[in-house]
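The residues making up each chain are set out below.
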Amino acid sequence: MAPITILAVLAGCSLVGSFSLIGCPHTLAVRATQGRRLRPTPLRALVMRQLYPVGAPLTTGNLAVSSVHTLYYELHGKADGVPALFLHGGPGAGCARRHAGFFDPTHYRVVLFDQRGCGKSTPRGSLEGNDTPSLVADCEALRRHLGIETWDLVLGGSWGVTLALAYAARHPI
């Protein structure tokens, strides 16, 4: 099983190792869980970089995850590509197609989904059953629904970074 990689920028620090933060304001660190540290990429290079082109989604759908909540999701990129999950910020933000542009569409099978109460997921704005453990369970339910063995890459923005860490803590490899 391939290690999951989490990319994160959190308050100007870098994410490394066992979710420890190091004070390195100009670096985004990528850490594979099996002890292999990849070369850090300067943040200024990421900010200046163009996103990948984004076309229409391969597919869209809805997944009921409780008696109250139904998630909206989109798949982008390569149908048989490396599974990647994008977790949006909040509160209530939802995903935008441009988020698929963080990933090379010739390599990744990108999954975007609107978390409970957000974007096109229903019911919009609902806080009932909307907590971190439920959101982590939703990531797993979506993975199983889509027939994905494991997420190879999880990318979070803002609140999505926190959710990515919670997911990795609950589902270590």
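The structure contained in this document is the topic of the report that follows. (Residues numbered from 1 in each chain as written. Predicted model: local features only at pLDDT ≥ 70, side-chain atom pairs only at ≥ 80, totals over all residues. Heavy atoms only, no water.)

### Quick look at the overall build of the protein
Counted only if it meets this: We count a stretch as a helix when DSSP gives it H or I for four or more residues in a row; a strand needs E for two or more, and each element gets its number in order from the N terminus. Burial here depends on accessible area, computed with a 1.4 Å probe over protein chains only, as a share of the maximum for the residue type. Under 20% is buried, over 50% is exposed, and the range in between is partly exposed. In what follows, a contact means two residues having at least one pair of non-hydrogen atoms within 4.5 Å. Calculation of accessible area relied on Shrake-Rupley with a 1.4 Å probe; when residues are assessed, cover is drawn exclusively from the protein chains displayed.
Helices and strands together make up the secondary structure of the protein, namely three helices and twelve strands. Relative to its 173 residues, the protein shows a buried fraction of 42%. Looking at the protein alone, contacts between residues at least 24 apart form 63% of all its contacts between residues at least 6 apart. Put simply, the protein shows about 8,900 Å² of open surface, and 56% of that area lies on carbon and sulfur atoms.

### What to know about the nonpolar core
Taken as a class, soluble globular proteins show a tendency for nonpolar side chains to be buried jointly. For clarity, the threshold we go by: Side-chain atoms within 4.5 Å are what join buried Ala, Val, Leu, Ile, Met, Phe, Trp, Tyr and Cys residues into a set we call a nonpolar core.
Residues L85, L87, V111 and F113 are the most contacted members of the largest nonpolar core, which totals 19 residues. The dominant element in this core, judged by the number of residues it contributes, is helix α2 (residues 132-145), at four residues. Contact partners of F113, with chain neighbours within four places excluded, come to L71, Y72, Y73, L85, F86, L87, H88, C95, C139 and L142.

### Some details on the pattern of salt bridges
Note on pairing: side chains with opposite charge can pair once their charged atoms come close. Keep this limit in mind: The rule for a salt bridge is simple: a side-chain nitrogen of Lys or Arg has to be within 4 Å of a carboxyl oxygen of Asp or Glu.
Overall, the coordinates contain four salt bridges when judged by the stated rule. Linking R143 and E140 is a salt bridge whose minimum nitrogen-to-oxygen distance equals 2.8 Å. Placement of both R143 and E140 in helix α2 is noted, with a separation of three residues, approximately one turn of the helix. The partner of E140 in a salt bridge is R144, and the shortest N-O contact between them spans 3.9 Å. Here R144 and E140 lie together in helix α2, a separation of four residues that amounts to about one turn. Judged by relative accessible area, E140 falls into the buried class, the value being 10%.

### So, the side chain of D114
As a reminder of what qualifies: Polar contacts here mean pairs of N or O atoms no more than 3.5 Å apart (in protein, one a potential hydrogen donor and the other a potential acceptor; neighbouring residues in sequence count only if both atoms are side-chain atoms).
Tracing the backbone shows D114 in strand β11 (residues 108-114). A polar side-chain atom of D114 sits 2.6 Å from the main-chain amide nitrogen of C95. The residues touching D114, leaving out its near neighbours within four places in the chain, are L71, Y72, H88, G94, C95, G119, K120 and S121.

### Quick look at the packing of α2 against helix α3 (residues 159-170)
A packed helix pair is summarised by two numbers, namely the angle formed by the two axes and the spacing between the axes. Applied cut-off: Geometry is summarised by axes, namely lines fitted to C-alpha atoms with helices restricted to the contacting stretch, and by angles between N-to-C directions that run from 0 to 180 degrees. Just so you know how the angles are binned, under 35 degrees is roughly parallel, over 145 roughly antiparallel, 65 to 115 roughly perpendicular, and the rest oblique. Residue polarity is assigned by list, with Asp, Glu, Lys and Arg as charged and Ala, Val, Leu, Ile, Met, Phe, Trp, Tyr, Cys and Pro as nonpolar; anything else, Gly included, falls into the polar class.
Interaxial distance between α2 and α3 falls to 9 Å at its minimum, and their mutual angle equals 75 degrees. Taken as axis vectors, α2 and α3 run roughly perpendicular relative to one another. Across from T132, L135, V136, C139, E140 and R143 in α2, the residues of α3 making contact are W159, L163, A166, Y167 and R170. Considered class by class, the residues forming the contact of α2 with α3 number seven nonpolar, one polar and three charged.

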